[in-house]
Amino acid sequence: MDETNFSRVIEEKRPNAAYDLFSEIVTNVMNETCPLQRINPNRNFPKKPWITKAILVSIKKKNQLYVNYLMDRSNDNFIKFKKFRNILNSVKRKAQKLYFQNEFHENQGNMKNTWKTINKLLGNFHSREEVRAMETTEGRLTDSQHIAEFLCDYFANEGKRLCDQARASLRTSVSFGSVIERQPVNENSLEFARCLELEVAQFLDTMKSSSSGMDEFSLKLIKAAKTSVLPVLTHLINLSLDHGVFPKALKIARVVPLQKGGKKDDPSNRRPISILPFFSKLYEKVVHARLSYYIEKNKMLMENQFGFRKGLSTDMAVLKLVDWINDSFEAGLIPAAVFLDMRKAFIRWTTQGSFKFLPRLG
């Protein structure tokens with residue numbers, strides 16, 4: 001990568017064309033130096049992290065003792081197998097207990113990783129098995145291509161469908177324009193400042209990704225060649241900031257329809273997970289830093305909004321609620337609360353609504 005010539009990328013002034021050139025060059029380098037290869041997983045590799053090499057050796061020995069018993073069903077062979085199996089099971093249980101104790105200790109104060117550990121302990125994992133059939137209003141689909149096309153259309157239009165259902169159930173019409181008009185106009189104006197190589201390098205170092213997007217780029221390889229690609233990446237991001245254009249190639253995602261529960265052939269029981277190219281996340285981090293600074297500086301968020309804010313969390317919202325309840329009881333008042341849970345709230349918001357709302361925020 002150090003010898004790669006990115007001059008064509010630097011000379012290109014169109015964000016889409018510049019990124020496409022960069023993607024083409026990096027893909028060619030990767031195909032020449034480290035082409036992707038399909039490998040068969042090693043059956044001897046432990047699937048459970050607490051299974052050490054020593055335990056694997058013991059498992060093989062237990063299996064051999066069982067084979068010996070099957071070949072010669074003597075009482076002596078059975079006692080040897082049973083005794084060794086019981087000792088091995090005890091060792092495995094202790095190893096598992098020690099593993100999770102260490103996991104909980106290391107993740108103290110980190111609720112996200114703590115819940116991951118709990119789900120791992122309980123065996124709660126999202127299934128990524130192949131979707132073999134899907135029920136639709138026009139019949140049952142079994143062809144993989146037809147299922148993929150149906151799910152793509154279903155997920156793309158689900159937000160609009162839910163909004164239409166909500167509007168139909170309302171007794172009075174709600175004008176989104178009236179809501180926008182009540183929002184005070186901000187006198188300041190947001191401008192995306194150009195980024196420096198140091199900033200991009202810091203964001204790249206903090207990125208963690210185990211999955212690659214449609215471009216199949218490996219985060220580990222890009223990190224290894226960071227010094228070579230960093231100036232080009234900084235140029236590409238600044239090009240997008242200057243023109244207000246996000247590369248089309250970075251909008252293409254690999255969508256995984258995860259099963260949430262219920263019937264597997266019901267599309268409403270699946271949640272789409274979009275795996276985007278990690279380069280898009282790098283662009284996102286740069287924009288997020290500037291957008292967050294502008295919002296916090298101009299105090300656009302409510303004081304009681306705790307989610308998705310730096311230094312705050314939903315845990316603090318719960319603590320504030322508990323404090324309010326206790327204060328109410330001490331003052332001789334009866335606390336009451338209304339909890340609203342909007343189903344699939346994120347997909348209900350439209351880009352048209354954003355275009356109307358954002359100009360008033362600057």
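See the structure above.
Notes on the structure in this doc start here. Just so we're clear, the structure is a prediction, and the values are computed from it rather than from any experiment.

Parameters at a glance
- Residues numbered from 1 in each chain as written.
- Predicted model: local features only at pLDDT ≥ 70, side-chain atom pairs only at ≥ 80, totals over all residues.
- Heavy atoms only, no water.
- Helix = DSSP H or I, 4+ residues; strand = E, 2+ residues; numbered from the N terminus.
- Buried < 20%, exposed > 50% of the residue type's maximum accessible area, 1.4 Å probe, protein only.
- Contact = heavy atoms within 4.5 Å.
- Areas by Shrake-Rupley, 256 points an atom, 1.4 Å probe, with all protein chains shown as cover.
- Axes fitted to C-alpha atoms, helices over the stretch in contact; angles between N-to-C directions.
- Parallel < 35°, antiparallel > 145°, perpendicular 65-115°, else oblique.
- Left-handed = near helix turned anticlockwise from the far one by under 90°.
- Core = buried A, V, L, I, M, F, W, Y, C linked by side-chain atoms within 4.5 Å.
- Salt bridge = Lys/Arg side-chain N within 4 Å of Asp/Glu carboxyl O.
- Expected span 1.5 Å × (residues − 1).
- Polar contact = N/O pair within 3.5 Å; in protein donor to acceptor, adjacent residues only side chain to side chain.
- Phe/Tyr/Trp six-rings, centres within 6.5 Å; stacked < 30°, edge-to-face > 60°.

1. So, the overall build of the chain
- Summing up its helical and strand segments, the chain has 14 helices and 4 strands in all.
- Considering the chain as a whole, with its 362 residues, one finds that 27% of them fall into the buried category.
- Looking at the chain alone, contacts between residues at least 24 apart form 64% of all its contacts between residues at least 6 apart.
- Summed over its atoms, the accessible surface of the chain is roughly 26,600 Å², and 56% of this surface lies on carbon and sulfur atoms.

2. Some points on the packing of helix 3 (residues 53–71) against helix 4 (residues 75–106)
- Taken N-terminus to C-terminus, the directions of helix 3 and helix 4 make an angle of 155°; their axes are 9 Å apart at the nearest point. Viewed along their axes, helix 3 and helix 4 adopt a mutual orientation that is roughly antiparallel. In the packing of helix 3 onto helix 4, the handedness of the crossing is left-handed. Residues Ile55, Ser58, Ile59, Lys61, Lys62, Leu65, Tyr66, Asn68 and Tyr69 of helix 3 touch helix 4, and the partners they reach there are Asn77, Phe78, Lys80, Phe81, Phe84, Arg85, Leu88, Val91, Lys92 and Ala95.

3. Focus on the nonpolar core
- Grouped together as the largest cluster of nonpolar side chains are 32 residues, with contacts concentrated most on Phe22 and Phe279.
- When residues of this core are traced back to their parent elements, those giving at least two are helix 2 (15–33), helix 8 (197–206), helix 9 (219–224), helix 10 (226–243) and helix 11 (278–297).
- Counting residues per element, this core draws most heavily on helix 10, which supplies 8 residues.
- Contacts of Phe279, omitting those with residues within four sequence positions, involve Tyr19, Phe22, Asp215, Phe217, Ile222, Leu233 and Leu250.
- Ile51, Leu88, Ala95 and Tyr99 belong to the second-largest nonpolar core, a separate cluster that totals 7 residues.

4. Notes on the pattern of salt bridges
- The full count for this structure, using the stated rule, is 8 salt bridges.
- With a closest N to O distance of 2.8 Å, Glu12 and Arg14 form a salt bridge.
- On the accessibility criterion, Arg14 (54% relative accessible area) is exposed.
- Here Lys226 makes a salt bridge to Asp205, at a shortest N to O gap of 3.0 Å. Separated by 21 residues along the polypeptide, Lys226 in helix 10 and Asp205 in helix 8 bring together distant segments of the chain.
- Among the residues examined, Lys226 registers a relative accessible area of 21% and is labelled partly exposed.
- The partly exposed category is assigned to Asp205, whose relative accessible area is 45%.

5. A closer look at helix 10
- A rise of 1.5 Å per residue sets the reference length of helix 10, with its 18 residues, at 26 Å; its end C-alpha atoms lie 25 Å apart and thus fit the reference within 8%.
- Within helix 10, 13 of the 18 residues are buried, which leaves the element mostly enclosed by the surrounding structure.

6. Things to note about unusual backbone geometry
- One non-glycine residue, Lys299, lies in positive phi territory at about 50°.
- Owing to a relative accessible area of 74%, Lys299 belongs among the exposed residues under this scheme.

7. Considering the environment of Ser280
- Mapped onto the fold, Ser280 is located in helix 11.
- Residues Ser280 and Ile252, spaced 28 residues apart in sequence, show a C-alpha to C-alpha distance of 9.7 Å.
- Those residues within four positions of Ser280 in sequence are excluded, and the remaining contacts are Phe246 and Leu250.
- In terms of polar contacts, Ser280 uses its side chain to reach the backbone carbonyl oxygen of Pro277, at 2.5 Å.

8. Focus: the packing of aromatic side chains
- All chains considered together, the criterion is met by 14 aromatic pairs.
- Their ring planes at 50° and their centres at 5.3 Å tell us that Tyr69 and Phe78 sit as a pair that is tilted.
- Classification of Tyr69 by relative accessible area gives buried; the value is 16%.
- Look at Phe78 and you get partly exposed, because its relative accessible area is 34%.
- Where Tyr154 meets Phe155, the ring centres are 5.9 Å apart and the plane angle is 70°; that geometry is what we call edge-to-face.
- With relative accessibility at 16%, the residue Phe155 sits in the buried group.
- Members of the aromatic cluster, connected to one another through ring pairs, are Phe6, Tyr19, Phe22, Phe217, Phe278 and Phe279.

Scope: geometric values only; no functional claims are made or implied.
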